[in-house]
Amino acid sequence: MSLELLGGRVLAPWFGSSIYVWGSIITVFMLSLSVGYFIGGRLSLHSPSLAKFGCMFLLAAAILVPVIYLAEPVMIWVFDRIEDPRYGSLAASLVLFVAPTVVLGMISPYSVRLLVRRREESGKVAGTLYFVSTLGSALGTLATSFYFVLWFEMDTIIVVLAGTLLLLGALGICCRGLDRHA
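Residues numbered from 1 in each chain as written. Predicted model: local features only at pLDDT ≥ 70, side-chain atom pairs only at ≥ 80, totals over all residues. Heavy atoms only, no water.

> For this particular structure, what's the right way to read the overall build of the protein chain?
Assigned secondary structure in the protein chain consists of seven helices and zero strands. Counted from the first residue to the last, the protein chain has its helices and strands arranged as α-α-α-α-α-α-α. Taking 182 residues into account, the globule formula puts the C-alpha radius of gyration at 16 Å, and the protein chain, at 17 Å, falls close to it. Principal-axis analysis of the C-alpha atoms gives the protein chain an extent of 50 × 25 × 25 Å. Considering only intrachain contacts with a sequence separation of at least 6, the fraction spanning at least 24 residues in the protein chain is 82%. Carbon and sulfur atoms provide 70% of the accessible area of the protein chain, an area that totals close to 10,400 Å². (Helix = DSSP H or I, 4+ residues; strand = E, 2+ residues; numbered from the N terminus. Rg over C-alpha atoms; globule rule 2.2 N^0.38 Å. Contact = heavy atoms within 4.5 Å. Areas by Shrake-Rupley, 256 points an atom, 1.4 Å probe, with all protein chains shown as cover.)

> Whenever I open this one, the packing of aromatic side chains confuses me. Can you help?
A ring pair, where both rings are aromatic, is described by two values, the distance of the centres and the angle of the planes. Within this structure, the stated rule accounts for nine aromatic pairs. Each ring, one from Phe-53 and one from Phe-57, has its centre 5.0 Å from the other, and the planes form 85°; the classification is edge-to-face. A residue pair is termed a helical-turn pair when its members lie 3 or 4 positions apart in one helix, as Phe-53 and Phe-57 do in helix 3 (residues 50-64) at four residues. Under the relative-accessibility criterion, Phe-53 is labelled buried at 15%. Ring centres of Trp-151 and Phe-152 lie 6.3 Å apart, and the angle between their planes is 85°; on these two criteria the pair is classed as edge-to-face. Assessed through its relative accessible area of 41%, Phe-152 is described here as partly exposed. (Phe/Tyr/Trp six-rings, centres within 6.5 Å; stacked < 30°, edge-to-face > 60°. Buried < 20%, exposed > 50% of the residue type's maximum accessible area, 1.4 Å probe, protein only.)

> Explanation requested: the packing of helix 4 (residues 66-81) against helix 5 (residues 85-115) in the structure shown.
At a minimum axis separation of 10 Å, helix 4 and helix 5 run at an interaxial angle of 155°. Classified by the angle their axes make, helix 4 and helix 5 are roughly antiparallel. Pair helix 4 / helix 5 crosses with right-handed handedness. Note on element contacts: helix 5 touches helix 4 through Gly-88, Ala-91, Ala-92, Val-95, Leu-96, Phe-97 and Pro-100, opposite Val-67, Leu-70, Ala-71, Val-74, Met-75 and Val-78. Residue composition of the contact of helix 4 with helix 5, grouped by class: 12 nonpolar, one polar and no charged. (Axes fitted to C-alpha atoms, helices over the stretch in contact; angles between N-to-C directions. Parallel < 35°, antiparallel > 145°, perpendicular 65-115°, else oblique. Left-handed = near helix turned anticlockwise from the far one by under 90°. Nonpolar A, V, L, I, M, F, W, Y, C, P; charged D, E, K, R; others polar.)

> Honestly, the nonpolar core in this entry has me stumped. Any pointers?
Most often, soluble globular proteins have nonpolar side chains that are buried together. In terms of nonpolar packing, the biggest core is built from 35 residues, with Leu-11, Leu-64, Met-75, Leu-96 and Phe-97 touching the most fellow members. Put simply, the parts of the chain that give this core at least two residues each are helix 1 (2-15), helix 2 (19-43), helix 3, helix 4, helix 5 and helix 7 (154-174). Sort the elements by how many residues they give to this core and helix 5 lands first, with nine residues. Excluding anything up to four places from it in sequence, Leu-11 contacts Gly-16, Val-21, Ile-25, Met-75, Ser-89, Ala-92, Ser-93 and Phe-97. Val-112, Val-116, Ala-126 and Leu-129 belong to the second-largest nonpolar core, a separate cluster that totals five residues. (Core = buried A, V, L, I, M, F, W, Y, C linked by side-chain atoms within 4.5 Å.)

> Looking at this model, I keep getting lost on the side chain of Ser-44. Mind explaining?
Along the polypeptide, Ser-44 turns up in the loop between helix 2 and helix 3. Setting aside residues no more than four positions away along its own chain, Ser-44 makes contact with Pro-109, Tyr-110 and Arg-113.

> What's the story with the environment of Arg-9 in this structure? I'm lost.
Within the secondary structure, Arg-9 is located in helix 1. Residue class for Arg-9 comes out partly exposed when judged on its relative accessible area of 45%. It is 9.1 Å that separates the C-alpha atoms of Arg-9 and Val-149, two residues lying 140 residues apart in sequence. Setting aside anything within four residues of it in sequence, one finds Arg-9 in contact with Val-149 and Met-154.

> Looking at this structure, how should I read helix 4?
Because each turn of an α-helix spans 3.6 residues, side chains separated by three or four positions in sequence point in the same direction. The terminal C-alpha atoms of helix 4 lie 22 Å apart, and with 16 residues this matches the ideal 22 Å at 1.5 Å per residue to within 8%. Approximately 30° is the largest bend angle found in helix 4, and it occurs at Glu-72, with the proline Pro-73 only one to four residues beyond. Those residues of helix 4 not exposed but buried are Val-67, Ile-68, Ala-71, Val-74, Met-75 and Val-78. (Expected span 1.5 Å × (residues − 1). Bend = angle between axes of the 7 residues up to and from the residue.)

> Please clarify how the confidence of the model for the protein chain should be interpreted in this entry.
If pLDDT is low for a region, its predicted coordinates should not be looked at in detail. This prediction gives the protein chain a mean pLDDT of 91; 96% of its residues lie at or above 70. Averaged pLDDT values over the elements of the protein chain bottom out at 90 in helix 1 and peak at 96 in helix 2. (pLDDT = per-residue confidence, 0-100.)

See the structure below:
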């Protein structure tokens, strides 16, 4: 959610912050997450492990960092070609946010697979995971929109998000000895 909010800040100087711009951002994030959920679910069927899980976080961080450097050149390139805020914001959102959001979407279904021990508890595990995930998203949204954007530059926030992903990825890889799926 933090990245989605920052997406609005990236696009605003070029396309404004109209309903079209936010509609584009939300659509791109929703579609990207759905693709990520699908891929993550498929990947979870093939020898799931904490090491592979950790690698998803590392990949998400590696794909997220270039957004810092690509945002302005992408915005210039898109705006020079598509001035209409409806289609320009959609094109810019697609270029900047699809890849990191797809990878981030892969994490949830893979998490469910790693946490489910018995089929009978799969609903409870999924419900608990989505509860925690949604609560974290709400807190991240408030923290980003109420505080982080006031205290830090956008690039700094993205670096912190990527750093958090790197730390979680490294933790997943380091804890692979505890992995009951390995």
